[in-house]
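Secondary and tertiary structure notes
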Amino acid sequence: TASLFAAVEMAPRDPILGLTESFNADTRSTKVNLGVGVYFDDNGKIPLLAAVKAAEKTRLEAMPPRGYQPIDGLAAYNQIVQKLLFGADSALLEAGQVATIEALGGTGALKVGADYLRRLLPTAKVFISDPSWENHRAIFEYAGFEVDSYPYYDAVSRGVDFAAMKSGLNALPAGSIVVLHACCHNPTGADLSHAQWREVIETIAARGLVAFIDMAYQGFADGIREDAQALQMFAASGLQFLVASSFSKSFSLYGERVGALSVVTASRDETARVLSQIKRVVRANYSNPPTHGGAIVAAVLASAELRQMWKVELAEMRQRILAMRVSLVEKLQGRGVSTDFSFVTRQRGMFSYTGLEVAQVDRMRDEFGIYAVSTGRICLAALNTRNIDYVADAIAAVL
Ligand code: PLP
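Source: prediction; values computed, not measured.

A few points about the overall build of the chain
The secondary structure content of the chain amounts to 16 helices and 13 strands. The C-alpha atoms of the chain give a radius of gyration of 21 Å, which matches the 21 Å a tight globule of 399 residues would have. Considering the chain as a whole, with its 399 residues, one finds that 45% of them fall into the buried category. Counted over contacts in the chain with a minimum sequence separation of 6, partners at least 24 positions apart contribute 75%.

Quick look at the structure:
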């Protein structure tokens, strides 16, 4: 008899992780991977932050037992995450209007939130930005939603087409779920201004939409508090909304899978009921989160000394990316390219939508061993003082 799996088709490769597989197989010593969304230091290494190292050393020496965590994770972690998101003096927190669970990275937070919303709003549709992080669509589709997009990026201005975005949001049916990037929009690097956020919040309130805010890069644009500005504005609006947050980038803890799902409700009583339902989702998926990553983040944030160390290290990452943006633009100008690349310094976070076309991206890979996403997205955090000239040469050559 035929195998149970005889007719199974090969799934397409993940576009980003597939790129890394090709990069790893490339034998050229000059190769550069600009595809992945990971911060590398100037030596091309993923940093282990000194604040993290110190907290890990303490934890390791204590040799804690490895019992199960509560379903919603470490209470101290959840409380400290809430303060980081909404501010230590947040009226919402004071009023008990936020339910937070420790999640498996930002992805896990999105997935638990999606599963929960699917039960709360079974007929709603989900709208993501055009374009968006490629996993947004998959996460919400796997939760059972139909996923569509709202206009966002304008390739001509290389910024947000805000008029189109607003009219797109205004046309959505009440109860639709809108996924928004809090800062450092992935993949475009184009963020909303504060005034535009205000208009988006007004539109969401007027249309009865449900905001699900994804904040994967807090601290990578302007600073920890500055990057949470959109959240503060939502918090002040009186709306209910969801937030998926992640420490993968801001703590350089990618593989530890540390994130959180926060749900803002109308009252302490609602918070308790919503939390009880979210815990059911978690219980039926993975039961409870792992111990290490959340304990480390909580320890760093709870210690004035380690927290300060972390802030400095995060600022260094942010400033290094910015320096690479400025340097790339200068080096391209220096090579006499006719395209004005100054937009690269206006884009925020790890990425730039360079405007490079598929054929140009292919040539960079084939002729130079430089790997970028076919959409022309590059990760600025993969550039360093040793490879940036080579990358600038390659871009100038394929333009
Ligand atoms: N959301 C966005 C916009 C991202 O870019 C990423 C990571 O690339 C995530 C969520 C997921 O982060 P994590 O690795 O913490 O799951």
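Digging into the UniProt feature "domain: Aminotransferase class I/classII large" (unreviewed entry) in the chain
UniProt records the feature "domain: Aminotransferase class I/classII large" (unreviewed entry) for residues 30-395 in the present numbering. Here residues 30-395 is 47% helix and 14% strand, with 15 Å between the C-alpha atoms at its ends.

Some details on the packing of helix H13 (residues 304-334) against helix H16 (residues 388-398)
Relative to each other, H13 and H16 sit at 50 degrees, their axes nearing to 9 Å. Classified by the interaxial angle, the pair formed by H13 and H16 is oblique. Considering how the two elements wind past one another, H13 and H16 form a crossing that is right-handed. Here Met324, Ser327, Leu328, Lys331 and Leu332 of H13 come into contact with H16, specifically with Ile388, Asp389, Ala392, Ile395 and Ala396. Residues belonging to the contact of H13 with H16 are distributed by class as follows: 7 nonpolar, 1 polar and 2 charged.

Side note on the sheet that holds strand S4 (residues 147-151)
Taken in spatial order, the 7 strands of this open sheet run S2-S10-S9-S8-S7-S3-S4, and their pairing is mixed. The outermost strands of the open sheet, each flanked by one partner alone, are strand S2 (98-103) and S4. Neighbour-to-neighbour, the strand axes of the sheet open up by a mean angle of 25 degrees, direction not taken into account. Inspection of the sheet shows strand S9 (residues 241-246) paired to strand S10 (residues 259-264) by 6 bridges, in the antiparallel sense. Note on S10: the bridge partner recorded for Val243 is Ser262. This element, helix H10 (residues 229-237), spans strand S8 (210-215), S9 and S10 of the sheet and lies at about 155 degrees to S8.

Considerations on the site of the ligand
Around the ligand lies a shell formed by Gly37, Gly105, Gly106, Thr107, Trp133, His181, Asn186, Asp214, Ala216, Ser246, Ser248 and Gly259. Among the elements that take part in the shell around the ligand, helix H5 (residues 105-120) stands out by supplying 3 residues, more than any other. A class-by-class count of the residues in the shell around the ligand yields 2 nonpolar, 9 polar and 1 charged.

What to know about unusual backbone geometry
Glycine aside, the phi torsion of most residues is negative, and most peptide linkages are trans. The omega torsion across Asp130 and Pro131 is 0 degrees, close enough to zero to call that bond cis. Between Asn186 and Pro187 the backbone carries a cis peptide bond, its omega angle lying at 15 degrees. You can see Pro187 is positioned in the loop between strand S7 (177-181) and helix H8 (194-207). Positive phi outside glycine occurs at Arg257, with the angle close to 60 degrees.

Describing the domain arrangement of the chain
Along its sequence, the chain is carved into domain 1 (15-47 + 306-398) and domain 2 (68-302). Distance from the C-alpha centre of domain 1 to the C-alpha centre of domain 2: 27 Å. Each partner contributes residues to the interface: domain 1 has 22 residues there, and domain 2 has 23 residues. Counting residues per element, the ones that place at least two in the side of domain 1 that touches domain 2 are H13 and strand S11 (351-353).

A closer look at the pairing of S10
Across the 6 residues that make up S10, a large majority, 6, are buried. By the alternation rule, side chains of S10 split into Gly259, Leu261 and Val263 and Ala260, Ser262 and Val264, which are all buried. Sheet topology places S2 next to S10; 6 bridges connect them, and they run antiparallel. The residue bridging Val98 from the neighbouring strand is Val264, located in S10.

Side note on the nonpolar core
Among soluble globular proteins, nonpolar side chains are generally buried collectively. Membership of the largest hydrophobic core comes to 119 residues, with the highest contact counts inside it found for Val178 and Ile213. The element contributing the most residues to this core is H13, with 8 residues. Both domains that meet at this core, namely domain 1 (15-47 + 306-398) and domain 2 (68-302), each give it at least three residues. Ignoring any residue separated from it by four or fewer positions in sequence, one finds Ile213 in contact with Leu180, Ala182, Ala230, Leu231, Phe234, Phe241, Leu242 and Val243.

What to know about the packing of H8 against H10
At a closest axis distance of 10 Å, the pairing of H8 and H10 adopts a crossing angle of 35 degrees. Relative to H10, H8 is oriented so that their crossing is right-handed. On H10, the residues touching His194, Trp197, Arg198, Ile201 and Ala205 of H8 are Gln229, Ala230, Met233, Phe234 and Ser237. Of the residues belonging to the contact of H8 with H10, the class tally is 6 nonpolar, 3 polar and 1 charged.

Here's the deal with the confidence of the model for the chain
On average, residues of the chain score 96 in pLDDT, and 100% of them reach the 70 mark or higher. The ipTM assigned to the predicted complex is 0.98, against a pTM of 0.97.

A word on H13
Here H13 is 31 residues long and its end C-alpha atoms lie 45 Å apart, about the 45 Å a rise of 1.5 Å per residue gives. For H13, the full list of buried residues reads Leu306, Trp310, Leu314, Met317, Arg318, Ile321, Met324, Arg325, Leu328 and Leu332. Looking at the buried residues of H13, the elements they touch are helix H2 (50-62), helix H12 (292-302), helix H14 (343-346) and H16. Just past H13, the residue Gly336 takes up positive phi, approximately 75 degrees.

Concerning the pairing of S9
Judged by how many residues are buried, S9 sits mostly within the fold: 6 of 6 residues are covered. Across the two faces of S9 the burial is the same, with Phe241, Val243 and Ser245 and Leu242, Ala244 and Ser246 all buried.

Cut-offs used in this document
Note on numbering: residues in each chain are counted from 1, in written sequence order. Only residues with pLDDT of 70 or above have their local features reported here, since the model is predicted, and side-chain atom pairs are shown and tallied only from 80 upward, although totals for entire chains, interfaces and linings are computed over all residues. Here a strand is any run of E in DSSP of at least two residues, a helix any run of H or I of at least four, and the numbering for each starts at the N terminus. Radius of gyration here uses only the C-alpha atoms, and the compact-globule reference equals 2.2 Å multiplied by the residue count raised to the power 0.38. With C-beta atoms placed from the backbone, a residue is labelled by how many other C-beta atoms lie within 10 Å of its own: buried for 20 or more, exposed for 12 or fewer, partly exposed between the two. Any two residues are considered in contact once their C-beta atoms, placed from the backbone, lie within 7 Å. UniProt positions are given in the numbering used here, feature names are shortened, and annotations may be inferred rather than shown by experiment. Lines are fitted to the C-alpha atoms to define the axes, a helix being fitted only along its stretch in contact, and any angle between axes, read from their N-to-C directions, falls within 0 to 180 degrees. Here the angle decides the label: under 35 degrees means roughly parallel, over 145 means roughly antiparallel, 65 to 115 means roughly perpendicular, and every other value means oblique. Two helices that cross are described as forming a left-handed crossing if the nearer one is turned anticlockwise from the farther one by less than a right angle, and a right-handed crossing if clockwise. All amino acids are sorted into three groups, where Ala, Val, Leu, Ile, Met, Phe, Trp, Tyr, Cys and Pro are nonpolar, Asp, Glu, Lys and Arg are charged, and the leftover types, Gly among them, are polar. Two strands qualify as a pair provided DSSP detects at least 2 bridges between them. Nearness between a residue and a molecule or strand is assessed with a C-beta atom placed from the backbone; a distance within 6 Å qualifies. Domain start and end points were adopted from an automatic or database domain assignment. Remark: nonpolar core denotes a set of buried Ala, Val, Leu, Ile, Met, Phe, Trp, Tyr and Cys residues whose joining runs through C-beta atoms within 7 Å. Scored between 0 and 100, pLDDT is the confidence that the predictor attaches to each residue. To estimate the expected span of a helix, count its residues, drop one, and scale the result by 1.5 Å.

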